[in-house]
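The primary structure of each chain is shown beneath.
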Amino acid sequence: MGAQDQIKQIRLEQALERIRVLETIIDGKEHEINDLKIKVNEKRANKDVVSMMLCTLLSEIDEEGGEWFTEESNLNKINRLQSLISTLNSKKNEAESIAEMKSSFLANMSHEIRTPMNGIMGLTKLLLNTRLSGKQNEYLRAIESSSDTLLVIINDILDLSKIEAGKLSLEKKEFLFINILSSVVGVFEGKALGKGIELVANYHQNNLPEVLVGDSVRLNQILYNLINNAVKFTQEGSVTLAVNTVEMSDKDVLLKFTITDTGIGISQEQQSQIFNEFSQANSSTTREFGGTGLGLSIVKKLVELQGGSVTIVSEEEKGSSFIFEILYPHKKISESNIPVSNDSLDFNLGGLKILLVEDNPVNQLVVTDLLSEVGAEVELAVNGQEAINLFNPEKHAVILMDMQMPVMDGYEAIRRLRNGGFDVPIIALTAHVSEVEMEKCKSAGANEYLSKPYKPQELYQKVIQFINAKEVLPLAFNLADVNTVSLNVPKLWDRNFLLDYVGGSEQLMLKILDKIKSEIPKYLEVLIAFNSELNSKKLGSSCHKMKPNIQMLGNTSIYNSIVQLEIDARSNDESLPLQEKVGLLIVKLKELLEELKA
Ligand code: ADP
């Protein structure tokens, strides 16, 4: 061998050595090419790196050219390397198209599941408002709670897939922080009370930012999952939600949330596992407490998506603390960022004419009945074309438009209505939940968007918001109509809510109303006495007693103020403006009592 050949040989050896190095960094499937063993992980992106490095190697060898390159055995090696590269490339394309199929499958699944769920949940709600025997009522309540549970599981699975596919986008909207905290605590009060454990909200409204900018739904989901677990895995003692401000500048606030329980605790070994999907500490807890093992992995991913991290401190049989921090932009409360209160649900639509465009017979029934119950008149079109034919700007105040329909879909119908110069408010109804879908509806010309399955209140709120927002939106009907169609005298209690609460029995409802009417003066007595006695313990326990009664009346604003007053009264914090809040509550309860008497 001449000197030149020797150099080529050394270069080739060096090249082969680099391929061997590649072998050690890539795990997975083994490809054997003569003396070359290349392991390629088909799932991971580093196959691109392999492919790129092999290309570089080949071009280096190519540059040497000459006789060595034409030798048959060497040529074979090169050919096989090249065929490996093309295999890798086609695997890569295959993997990409599988990922694409997966995400469109998910989007479709989400649509396919949500549509029938909307029917099941909506019809159950409607059935619950009819006259039922005790047994029928019991069975329906079971259907209602099973479908609620099923929806949570479906949403968890879809959420997790969405996060994994990188498709979950977070909202950036202003929200009242204290509302999120008190409503999530409120959800678990009954459950904690039923188990005989104490649920403590350890935070002071005065030390917290008023308005945060971010995704309130996801914050609620994180807190809900953690408090739900804490209550689930605690048999005696307490569950505490503590919220602290770690750092606050004019613009941002770093918040620390700690959910502590005195429950069964988690061993060191299990602590490293429980954030993995489908992972539960042990099979006996699954049998005893149920669950899917998805909650904590979603919590971890949601916190991380918002730039934070979750830690656990736990000891078996003593209890656990889950701690996470998130940085939020914050603002002071102002007229523009006070969310519309649920009180606006106390209403009657007094003959408001709504055009419903929907092809699914079950959803037709649900929406028509829900809206008729609150006094609206619903006219039905079964597809976009029929909607265009039927729409009458003199008559229809709002259009509810399903987006997926045969003959002509909602997007096309909305576009045509807008091109025809009609500016009637249109609320798009869709089973898709993504921001992309929302944008699609809005860019077609819809004013609002409601994703299935929606609760009756959500539907009402969207319609009501529209009527309220009439003056600011360029809508089709004139202001004179507003006074006749919208908001009759607002009620401080919700008859349907209470009737629903007592399983549809008018008789029971009237009895409960009588009872509440006789209780309110007693609450008022304690509240009035507080101003002179300043006995916050008595105040706290009185709030605790009145809470469930007021809750039954469906007035969330009064209910929330009682919940917060109880928290404040029990906190022993003298700096809190208790008297002021008591004063406001006295006024509200008096108004409520007047209305109940009327
Ligand atoms: P799920 O509760 O649906 O099983 P999670 O992902 O929320 O799923 O929780 C996973 C597991 O972690 C639970 O099954 C339980 O074993 C354990 N775990 C979670 N929170 C607590 C807690 N507060 N106390 C004790 N164990 C807990």
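Residues numbered from 1 in each chain as written. Predicted model: local features only at pLDDT ≥ 70, side-chain atom pairs only at ≥ 80, totals over all residues. Heavy atoms only, no water.

## A closer look at the overall build of the chain
Here is step 1 of the chain: A tally of helices and strands in the chain yields 21 helices and 14 strands.
Here is step 2 of the chain: A separation threshold of at least 6 residues defines the contact pool for the chain, and within that pool the share at least 24 residues apart is 69%.
Here is step 3 of the chain: In the form shown here, the chain has an accessible surface area of approximately 30,500 Å², with 53% of it arising from carbon and sulfur atoms. (Helix = DSSP H or I, 4+ residues; strand = E, 2+ residues; numbered from the N terminus. Contact = heavy atoms within 4.5 Å. Areas by Shrake-Rupley, 256 points an atom, 1.4 Å probe, with all protein chains shown as cover.)

## Some thoughts on the confidence of the model for the chain
Atom-level detail of predicted coordinates should not be read off regions where pLDDT is low.
Here is step 1 of the chain: Averaged over all residues, the pLDDT of the chain is 76; the fraction at 70 or higher stands at 73%.
Here is step 2 of the chain: Here helix α16 (residues 479-485) stands out as the least confident element of the chain, with mean pLDDT 29; strand β7 (residues 252-261) is the most confident, with 96.
Here is step 3 of the chain: Every residue in residues 24-47 is under pLDDT 50, and counting partners more than four places away or in other chains gives 53 contacts.
Here is step 4 of the chain: Contacts from residues 337-345, a stretch scored under 50 in pLDDT, to residues over four places away or in other chains number 20 contacts. (pLDDT = per-residue confidence, 0-100.)

## Remarks on the packing of helix α20 (residues 556-570) against helix α21 (residues 578-597)
Here is step 1 of the chain: As a packed pair, α20 and α21 sit with axes 11 Å apart at the nearest point and diverge in direction by 150°. By the angle class used here, α20 and α21 are roughly antiparallel. Judged by the twist between their axes, the crossing of α20 over α21 is left-handed. In this structure, α20 contributes S557, I558, S561, I562, Q564, L565, D568 and A569 to the contact, and α21 contributes L578, K581, V582, L585, K588, L589 and L592.
Here is step 2 of the chain: Residues of the contact of α20 with α21, tallied by class, amount to nine nonpolar, three polar and three charged. (Axes fitted to C-alpha atoms, helices over the stretch in contact; angles between N-to-C directions. Parallel < 35°, antiparallel > 145°, perpendicular 65-115°, else oblique. Left-handed = near helix turned anticlockwise from the far one by under 90°. Nonpolar A, V, L, I, M, F, W, Y, C, P; charged D, E, K, R; others polar.)

## Observations regarding helix α6 (residues 177-195)
One turn of the α-helix equals 3.6 residues, which is why residues spaced by three or four share an orientation.
Here is step 1 of the chain: In this model α6 runs 28 Å from its N-terminal to its C-terminal C-alpha over 19 residues, within 8% of the 27 Å that 1.5 Å per residue would give.
Here is step 2 of the chain: Where α6 bends most, the angle comes to about 35°, and this point is E189.
Here is step 3 of the chain: In the stretch just after α6, G196 is the one whose phi turns positive, near 75°. (Expected span 1.5 Å × (residues − 1). Bend = angle between axes of the 7 residues up to and from the residue.)

## Structural notes on the pattern of salt bridges
Where side chains of opposite charge bring their charged atoms close, a pairing between them can arise.
Here is step 1 of the chain: Under the criterion given, the structure shown has 19 salt bridges.
Here is step 2 of the chain: Among the salt bridges present, the one from K462 reaches E448, with a minimum N-O distance of 3.2 Å. On the criterion of sequence distance, the pair formed by K462 in helix α15 (residues 456-468) and E448 in strand β14 (residues 448-451) is long-range, its members being 14 residues apart.
Here is step 3 of the chain: The residue E519 makes a salt bridge to K522 at a minimum N-O spacing of 3.3 Å. (Salt bridge = Lys/Arg side-chain N within 4 Å of Asp/Glu carboxyl O.)

## Let's talk about α20
Here is step 1 of the chain: Relative to the 21 Å expected for 15 residues at 1.5 Å per residue, α20 spans 21 Å between its end C-alpha atoms, a close match to the ideal helical length.
Here is step 2 of the chain: Those residues of α20 not exposed but buried are I558, Y559, I562, V563, Q564, L565, E566, I567, D568 and A569.
Here is step 3 of the chain: Looking at the buried residues of α20, the elements they touch are α6, β4 (198-202), α18 (506-533), α19 (536-552) and α21.
Here is step 4 of the chain: Residue N555 occupies the N-cap position of α20, its side-chain oxygen lying 3.1 Å from the main-chain nitrogen of I558.
Here is step 5 of the chain: Just downstream of α20, N572 is the residue with a positive phi angle, here 60°. (Buried < 20%, exposed > 50% of the residue type's maximum accessible area, 1.4 Å probe, protein only. Polar contact = N/O pair within 3.5 Å; in protein donor to acceptor, adjacent residues only side chain to side chain.)

## Some words on the pairing of β7
Here is step 1 of the chain: Burial within β7 is extensive, with seven of its 10 residues counted as buried.
Here is step 2 of the chain: The sheet contact formed by strand β6 (residues 238-248) and β7 spans nine bridges and is antiparallel. Across the sheet, residue A242 finds its bridge partner in β7, namely T258.
Here is step 3 of the chain: Taken together, β6 and the strand that follows it, β7, pair antiparallel across an intervening segment of three residues.
Here is step 4 of the chain: In this structure, β7 lies alongside strand β9 (residues 319-331), joined through 10 bridges in antiparallel fashion. Each bridged residue has a counterpart across the sheet, and for K256 the counterpart in β9 is E325. (Pairing = 2+ DSSP bridges.)

## Thoughts on the sheet that holds strand β13 (residues 426-430)
Here is step 1 of the chain: With parallel pairing, five strands are arranged side by side in an open sheet as β11-β10-β12-β13-β14. Each edge of the sheet is formed by a strand with only one pairing partner; in this case those strands are β11 (377-381) and β14. Going from strand to strand, the sheet's axes swing by 20° on average, the running direction of each strand aside.
Here is step 2 of the chain: The strands that helix α13 (residues 410-419) touches are β12 (398-402) and β13; relative to β12, the one it contacts most, it runs at about 150°.

## Details of the nonpolar core
Here is step 1 of the chain: One finds F177, Y203, L223, F324, L589 and L592 to be the most contacted residues of the largest nonpolar core, which totals 80 residues.
Here is step 2 of the chain: Of the residues forming this core, the biggest block, nine residues, is contributed by α18.
Here is step 3 of the chain: Listed in part, the 23 residues of the second largest apolar core include I354, A397, V398 and L429. (Core = buried A, V, L, I, M, F, W, Y, C linked by side-chain atoms within 4.5 Å.)

## As for unusual backbone geometry
Here is step 1 of the chain: Positive phi, normally seen in glycine, also occurs at V407, with a value near 65°.
Here is step 2 of the chain: Here V407 lies in the loop between β12 and α13.

## Regarding the packing of aromatic side chains
Here is step 1 of the chain: Taken as a whole, this structure holds six aromatic pairs when the rule is applied.
Here is step 2 of the chain: A ring pair is formed by F177 and F257, whose centres lie 6.1 Å apart and whose planes are at 90°; its orientation type is edge-to-face. One end of the pair, F177, is in helix α6; the other, F257, is in strand β7, and 80 residues separate them in sequence. F257 shares its class with F177; the two are buried.
Here is step 3 of the chain: With a centroid separation of 5.1 Å and an interplanar angle of 75°, the aromatic rings of F391 and F422 are classed as edge-to-face. On the criterion of sequence distance, the pair formed by F391 in the loop between α12 (384-390) and β12 and F422 in the loop between α13 and β13 is long-range, its members being 31 residues apart.
Here is step 4 of the chain: When its relative accessible area of 31% is taken as the criterion, F422 is described as partly exposed.
Here is step 5 of the chain: Of the aromatic side chains, those joined through ring pairs into one cluster are F177, F257 and F324.
Here is step 6 of the chain: Just above the ring of Y411 sits the side chain of K440; from NZ or CZ to the centre is 4.6 Å. (Phe/Tyr/Trp six-rings, centres within 6.5 Å; stacked < 30°, edge-to-face > 60°. Lys NZ or Arg CZ within 6 Å of the ring centre and 35° of its normal.)

## A few points about the environment of E189
Here is step 1 of the chain: As for its placement among the helices and strands, E189 is situated in helix α6.
Here is step 2 of the chain: Taking the C-alpha atoms as reference points, E189 and V563, 374 residues apart in sequence, are found 9.9 Å from one another.
Here is step 3 of the chain: Residues in contact with E189, not counting those within four places in the same chain, are L199, K547, Y559 and V563.

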